[in-house]
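Below are the chains, spelled out letter by letter.
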Protein chains: 2
Amino acid sequence: MKKIDILKKLRSSRLRPTKQRVEIAKFLFEREKTFHFTVESLNKLLTKKSTSKIALATIYNTVHAFKAAGHLSEVEVRGNKTYFDTNVSNHHHFYDSETAELIDIDANDIVIQKIPKAPNGKKIKNVEVFINLKN
Amino acid sequence: MKKIDILKKLRSSRLRPTKQRVEIAKFLFEREKTFHFTVESLNKLLTKKSTSKIALATIYNTVHAFKAAGHLSEVEVRGNKTYFDTNVSNHHHFYDSETAELIDIDANDIVIQKIPKAPNGKKIKNVEVFINLKN
DNA sequence: AGACTAGTTTATAATTATTCTAAAGTGAAA
DNA sequence: TTTCACTTTAGAATAATTATAAACTAGTCT
Ligand SMILES: [Mn+2]
Ligand SMILES: [Mn+2]
Ligand SMILES: [Zn+2]
Ligand SMILES: [Zn+2]
């Protein structure tokens, strides 16, 4: 994804392409593979990479704005930190608790044969599978 | 589960059956159905139910001790609070984000037909399925 | 360009969940 | 009963996140 696309991406979701947002968006979206991160880890990586430092509150704001715009998804894993995911399609995860690392599993690589019906008055929104790993 | 069993349960895991532990254990384990809770919700329910109040730190200590002893499991759900579960067998969950409620799904009620193999050098510890609900 | 304004960033304070500390209390072994 | 390792407790500390409010800025309007 090139810079012009980053600007389009931001503008199309009514997010002003500020210096900070562009820098964060480039870091997050200009890559081939899915990126899983916490606000803390993103902050560290951005600090290392760039000269201008972005306030932690801005990283929180930006990540939440990107999530609200559908550019990021939130992943639930064990622990008290919130994980985000640049892969916003329906997919699953390996979770390696040794390294606290997530690895994507394509939705097609897991086939569920039997599934219970939703409780009365409720519908199934989506199904998430976590495969916990050990050594 | 009767009181005598509670005492056995505690003693068998080398946990002294103190007044607080017995009270919490009775509240958690003397019930038919699975109970899902956070430390905060447990604290509120215990405060409402009982006359003697138990310190929050004790509830944290006790819940962690019960978990370490295998009497409780921890469930990962969206949100920043840790959820615990009196069902320690391998099972799955519905998650109702409207009510922040978990509902058990028996392991046999979900059959997975196709599953990817674990990354190199890793093994599959277990598979957890979350079925997110909507109205 | 210059002024305007709503949206944004930032440092800092506040909040929430959880863990730590260390002093007082207690179960149970001897 | 005495003893002591284990437990409880109030309160402090830490960690993650959100709120506040003042300063800044992108885009619009002349
Ligand atoms: Mn969580
Ligand atoms: Mn937290
Ligand atoms: Zn992912
Ligand atoms: Zn359960």
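Our subject is the structure that appears above.
Now for a description of the structure that goes with this document. (Residues numbered from 1 in each chain as written. Chains lettered and ligands numbered in written order. Predicted model: local features only at pLDDT ≥ 70, side-chain atom pairs only at ≥ 80, totals over all residues. Heavy atoms only, no water.)

1. A look at the coordination of the zinc ion (ligand 3)
Residue and element names in this part refer to chain A.
Reasoning step 1: The protein atoms that coordinate the zinc ion (ligand 3) are H36 (NE2), D85 (OD), H91 (NE2), H93 (NE2) and D104 (OD), at distances spanning 2.0 to 2.3 Å.
Reasoning step 2: All donors of the zinc ion (ligand 3) come from a single chain, and their spacing in sequence reads H-x48-D-x5-H-x1-H-x10-D. Taken together, the residues span a long stretch of sequence, with H93 in strand 4 (residues 91-96) and D104 in strand 5 (residues 101-106) at a distance of 11 residues.
Reasoning step 3: For H93, a relative accessible area of 2% puts it in the buried group. (Donors = N, O, S within 2.8 Å, 3.2 Å for Na, K, Ca; no water. Helix = DSSP H or I, 4+ residues; strand = E, 2+ residues; numbered from the N terminus. Buried < 20%, exposed > 50% of the residue type's maximum accessible area, 1.4 Å probe, protein only.)

2. Considering helix 4 (residues 56-68) of chain A
All names here are of chain A.
Reasoning step 1: For helix 4, with 13 residues, the first-to-last C-alpha span of 18 Å sits near the 18 Å given by 1.5 Å per residue.
Reasoning step 2: When we look at burial in helix 4, the residues that qualify are I59, T62, V63, A65 and F66. Each buried residue of helix 4 sits inside an arc of 160° when the element is viewed along its axis, so together they form one side. Every exposed residue of helix 4 that faces more than 90 degrees away from the buried side is listed here: N61 and A68.
Reasoning step 3: Remark: G70 follows helix 4 within two positions and exhibits a positive phi of approximately 85°. (Expected span 1.5 Å × (residues − 1). Arc of directions from axis to C-beta.)

3. Quick word on the protein's contact with DNA strand D
Reasoning step 1: In the neighbourhood of DNA strand D, 19 residues make up the surrounding shell, with H64 and K81 of chain A together with T18, R21 and T58 of chain B lying closest.
Reasoning step 2: Restricting the count to atoms of DNA strand D within 4 Å of the protein gives a sugar and phosphate share of 76%.
Reasoning step 3: Residue Q20 of chain B places a side-chain N or O atom 2.8 Å away from a sugar or linking oxygen belonging to DNA strand D.
Reasoning step 4: Interatomic distance of 2.7 Å between a side-chain N/O atom of T58 of chain B and a phosphate oxygen of DNA strand D. (Near = heavy atom within 4 Å. Polar contact = N/O pair within 3.5 Å; in protein donor to acceptor, adjacent residues only side chain to side chain.)

4. What to know about the sheet that holds strand 1 (residues 36-38) of chain A
Residues and elements named next belong to chain A.
Reasoning step 1: One open sheet accounts for 3 strands, arranged 1-3-2; its pairing is antiparallel. In this open sheet, the two strands that pair with only one neighbour each are strand 1 and strand 2 (73-75). The mean inter-strand angle of the sheet, taken between neighbouring strand axes irrespective of direction, is 40°.
Reasoning step 2: Bridging between strand 1 and strand 3 (residues 83-85) involves 3 bridges; their strand directions are antiparallel. Residue pairing in the sheet places H36 in a bridge with D85 of strand 3. (Pairing = 2+ DSSP bridges. Axes fitted to C-alpha atoms, helices over the stretch in contact; angles between N-to-C directions.)

5. Considering the relation of the copies chain B and chain A
Reasoning step 1: Placing chain B over chain A gives an RMSD of 0.1 Å and needs a rotation angle of 180°, together with 0.0 Å of translation along the axis. Taken together, the rotation angle and the small translation identify this as a two-fold axis.
Reasoning step 2: Residue by residue, 100% of the interface of chain B is reproduced at the interface of chain A, so both copies engage with the same surface. (Least-squares fit on C-alpha atoms with pLDDT ≥ 70 in both. Contact = heavy atoms within 4.5 Å.)

6. As for the sheet that holds strand 5 (residues 101-106) of chain B
Strands belonging to one sheet form pairs held by backbone hydrogen bonds; the direction of such a pair is parallel or antiparallel.
Reasoning step 1: Across the sheet, which stays open at both edges, the 6 strands sit in the order 5(A)-4(A)-7(A)-7(B)-4(B)-5(B) with mixed pairing between neighbours. Both edges of this open sheet fall to strand 5 of chain A together with strand 5 of chain B, since each of them pairs with a single strand only. Taken pair by pair, the neighbouring strands of this sheet meet at an average axis angle of 25°, ignoring direction.
Reasoning step 2: When strand 4 of chain A meets strand 7 (residues 123-134) of chain A, the two strands line up parallel, connected through 4 bridges. Bridge pairing in strand 7 of chain A places D96 of chain A opposite L133 of chain A.

7. Points about the environment of L42 of chain B
Reasoning step 1: When you line up the elements, L42 of chain B lands in helix 3 (residues 39-49).
Reasoning step 2: Remark: the alpha-carbon pair of L42 of chain B and L133 of chain B, spanning 91 residues in sequence, is separated by 24 Å.

8. So, the protein's contact with DNA strand C
Reasoning step 1: Within the structure, DNA strand C sits among 20 residues, and T18, R21 and T58 of chain A together with H64 and K81 of chain B are positioned closest to it.
Reasoning step 2: Restricting the count to atoms of DNA strand C within 4 Å of the protein gives a sugar and phosphate share of 76%.
Reasoning step 3: Take A55 of chain A: an N or O atom from its main chain is 3.2 Å from a phosphate oxygen of DNA strand C.
Reasoning step 4: Looking at the surface near DNA strand C, the elements that each hand over two or more residues are helix 2 (19-29) and helix 4 of chain A together with helix 4 (56-68) of chain B.
Reasoning step 5: Here the residues of the surface near DNA strand C sort into 6 nonpolar, 7 polar and 7 charged. (Nonpolar A, V, L, I, M, F, W, Y, C, P; charged D, E, K, R; others polar.)

9. Some thoughts on a positive patch on the surface
Reasoning step 1: A cluster of like positive charges, contributed by K3, K26, R31 and K49 of chain A, occupies part of the molecular surface.
Reasoning step 2: Relative to the helices and strands, K26 of chain A resides in helix 2. (Patch = residues over 30% accessible without salt bridge, like charges linked within 9 Å, V, L, I, M, F, W, Y side chains within 5 Å. Areas by Shrake-Rupley, 256 points an atom, 1.4 Å probe, with all protein chains shown as cover. Salt bridge = Lys/Arg side-chain N within 4 Å of Asp/Glu carboxyl O. Lys, Arg positive; Asp, Glu negative; His and termini not counted. Charge placed at Lys NZ, Arg CZ, Asp CG, Glu CD.)

10. Overview of the pattern of salt bridges
Residues and elements named next belong to chain B.
Reasoning step 1: Scanning the entire structure with this criterion turns up 8 salt bridges over all chains.
Reasoning step 2: With a shortest N-O distance of 3.9 Å, E40 and K44 are connected by a salt bridge. Residue E40 and its partner K44 are located together in helix 3, separated by 4 residues, close to a single helical turn.
Reasoning step 3: Among the residues examined, E40 registers a relative accessible area of 39% and is labelled partly exposed.
Reasoning step 4: Given the relative accessible area of 55%, K44 is considered exposed.

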